[in-house]
Amino acid sequence: MNAAAATLAVPATGRPNRVLAVFRLHFVNPVTVAWMPLGIYAFIFAMNWLIWLIVNVATTDSREGMSEGTTWSGASMFIFVWLLVIAVQAMNRTFHFALGFGATRRDYYLGTIAALVVSAAGWAILFGILAMIEEATDGWGLGGHMFASVYFGDDGPIARIWYVFLLMLFFTALGLVAGALFVRWRTFGLVGFFAVLALVLIGGIAWIALTSSWAAVGSFFGTLGFAGSYPLLLVPVAIAGLLGYVALRRATARS
Amino acid sequence: MNAIVEVSGLTKRYGSLAAVDEVGFTLEPGRVYGLLGRNGAGKTTLMSLLTGQEFATEGRIEVFGRSPVEHADVLDQLCFIRESQRYPDDFEPRHVLRSAEWFFPNWDAAFAQQLVEEFRLPVKRKIKKLSRGQLSAVGVIVGLASRAPLTFFDEPYLGLDASARQLFYDRLLADIAERPRTVVLSTHLIDEVADLLEHVLVIDRGRLIVDADAEELRGTAASVVGPRAAVDAFVAGREVLHRDGIGGLSSATVSRLSEAERAEAAAAGLELAPVSLQQLVVRLTGATDSEVENR
């Protein structure tokens, strides 16, 4: 028994960094986090490329018209929705598991946020590189666009990566808070969250419409431009981050 | 010796249901505890409370000197893989074992690998496609290889075949002899683990009804078997935990008998049989034999 007591305490020096452990946990299976979305993305790209090819062969319209038109493509939007789903799942999949492995809720949340931010950054950089290739090859040789779309302006490749990253963060944060609410209050949490969100949005629209401020809103964003408007997404991101922590702080493995 | 777990007045309510009701006990280092009780008695809730996964409604929990809730230095010393542990959908056992290394300071990857081979656990199969026994093996392997100073095994035997149960038994005994630590085995398959246990906690409907040394507990009751009239005469005035009979034969479970009483029973033509831990718990938690057999 005395020998037992001597070996019981774990030396403080060997203590693992649990934030890092949670971070790595999210990437332990690369199939879901990387290979699957890359595969889907490649498929969407291939479909688009084939359509551009058909259009090129079948029409005699100017290449400029086609190039202009495809910049409105929404094909790249898949990855944003994917990130939202990944964030919801990250919570729901790993929270109970990490708790079972002795992570604190705080460490879990920090590690998860770090993992989501890093993956958003990774995807944004990939997105930016693909956009640069797209521009350099005159739309993949066919005047097609998927990444260098109008939604991210024409402030240069670095600015585009920054905007894409911010939009990805926004979708991720939405998924994060939805996931945290689900982990804490299951379906009620999710339904409640989207109900409140819908009310806030409708309320906002009503307020703008009733005060006839659409022009003011338009000029507000017009003045800010892409460079000024995109960072505003950080406001809902921060709110979502705080709300997610409030929900998770008292969540249990049972709920 | 200082206790590593001290619990007093611990209560956890879900609505009006008290899953754990005014429970108090201590756990000492280097011992093997059995946390026994029927399904839904509160075993898993109690362990969730001890590992900070649940929040107590009332009462005090100290594990390694402080509350386990959100204290990483305490949680570092614990391992609790629940019977119904949820794993990420896309995980395979190899992902679980790989990440265990990052979470448990004493993790022994070589030992885990050895156990994987011995339990014949397929490491490259989706967790949700594993059989119940294989799923139990995942929990058992994590529990053993994590070498946490306080390890909880929640229904470790569930679905394991006889060889795997024996293997668990052997590896656990050998490993805790080499690296002593406190182990809590929670199960309703009591006979399977009875020989391992040094101390027994029995919980029923959220209340702690037994907190006793295993050896002592085994001696607390005996079965008296013989002709009905003789049994009735012998047990008259004694506390009878259970009574059973077929035709003219009868058996009764009574509390501890002294040497003189044993001699008296023998003289009356009665046979004395030891009561197994399982039978004792069954008697104490109020199930009838037919319920036990049907389980």
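Some details on the interface of chain B and chain A
One widely used convention gives an interface's size as the accessible area the parts lose upon coming together.
Moving on, step 1. Across the boundary between the two partners, chain B contributes 35 residues, which contact 35 residues of chain A.
Moving on, step 2. For the side of chain B that touches chain A, the secondary-structure elements that each account for two or more residues are helix 2 (72-75), strand 5 (78-81) and helix 3 (93-103) of chain B.
Moving on, step 3. Of the residues contributing to the side of chain B that touches chain A, the split by class is 17 nonpolar, eight polar and 10 charged.

Topic: the domain arrangement of chain B
Moving on, step 1. Domain assignment breaks chain B into domain 1 (5-216) and domain 2 (220-274).
Moving on, step 2. Computed from C-alpha coordinates alone, the two centres of domain 1 of chain B and domain 2 of chain B are separated by 38 Å.

Notes on the confidence of the model for chain A
Moving on, step 1. Per-residue confidence for chain A averages 86 on the pLDDT scale, and 92% of its residues sit at or above 70.
Moving on, step 2. Every residue in residues 1-12 of chain A is under pLDDT 50, and counting partners more than four places away or in other chains gives 19 contacts.

Section: the pairing of strand 9 (residues 207-213) of chain B
All names here are of chain B.
Moving on, step 1. In this structure, strand 8 (residues 199-204) lies alongside strand 9, joined through six bridges in antiparallel fashion. The residue of strand 9 that forms the bridge with Asp 204 is Arg 207.
Moving on, step 2. In this structure, the hairpin formed by strand 8 and strand 9 is closed by a connection of two residues, where Arg 205 is found at a positive phi of approximately 45°.

Description of the nonpolar core
Moving on, step 1. Counting 142 residues, the largest nonpolar core has A:Met168 and B:Ile141 as its most contacted members.
Moving on, step 2. If one sorts the elements of this core by residue count, helix 8 (residues 157-210) of chain A sits on top with 19 residues.
Moving on, step 3. The two domains that each donate at least three residues to this core are domain 1 (5-216) and domain 2 (220-274) of chain B.
Moving on, step 4. If near-sequence neighbours (up to four positions away) are discounted, A:Met168 is found in contact with A:Phe80, A:Leu83, A:Ala120, A:Trp123 and A:Ala124.

Structural notes on the sheet that holds strand 1 (residues 5-14) of chain B
All names here are of chain B.
Moving on, step 1. Across the sheet, three strands lie side by side as 2-1-4; this open sheet has antiparallel pairing. Where the open sheet ends on each side, the last strands, each with one partner, are strand 2 (17-27) and strand 4 (58-63). Geometrically, the sheet is characterised by an average inter-axis angle of 25° between neighbouring strands, direction not taken into account.
Moving on, step 2. With five bridges joining them, strand 1 and strand 4 adopt antiparallel strand pairing.

Considering unusual backbone geometry
With glycine set apart, most residues show a phi of negative sign, and most peptide bonds adopt trans.
Moving on, step 1. At A:Arg186, a residue that is not glycine, the phi angle is positive and equals roughly 50°.
Moving on, step 2. Positionally, A:Arg186 belongs in helix 8.
Moving on, step 3. A tally of 12 C-beta atoms within 10 Å means that A:Arg186 is categorised as exposed.
Moving on, step 4. With a phi close to 60°, B:Glu70 is a non-glycine residue in the positive phi region.
Moving on, step 5. Tracing the sequence through the fold places B:Glu70 in the loop between strand 4 and helix 2.
Moving on, step 6. Look at B:Glu70 and you get partly exposed, because 14 C-beta atoms sit within 10 Å.

Conventions adopted
- Residues numbered from 1 in each chain as written.
- Chains lettered and ligands numbered in written order.
- Predicted model: local features only at pLDDT ≥ 70, side-chain atom pairs only at ≥ 80, totals over all residues.
- Contact = placed C-beta atoms within 7 Å.
- Helix = DSSP H or I, 4+ residues; strand = E, 2+ residues; numbered from the N terminus.
- Nonpolar A, V, L, I, M, F, W, Y, C, P; charged D, E, K, R; others polar.
- Domains from an automatic or database assignment.
- pLDDT = per-residue confidence, 0-100.
- Pairing = 2+ DSSP bridges.
- Core = buried A, V, L, I, M, F, W, Y, C linked by C-beta atoms within 7 Å.
- Buried ≥ 20, exposed ≤ 12 C-beta atoms within 10 Å, placed from the backbone.
- Axes fitted to C-alpha atoms, helices over the stretch in contact; angles between N-to-C directions.

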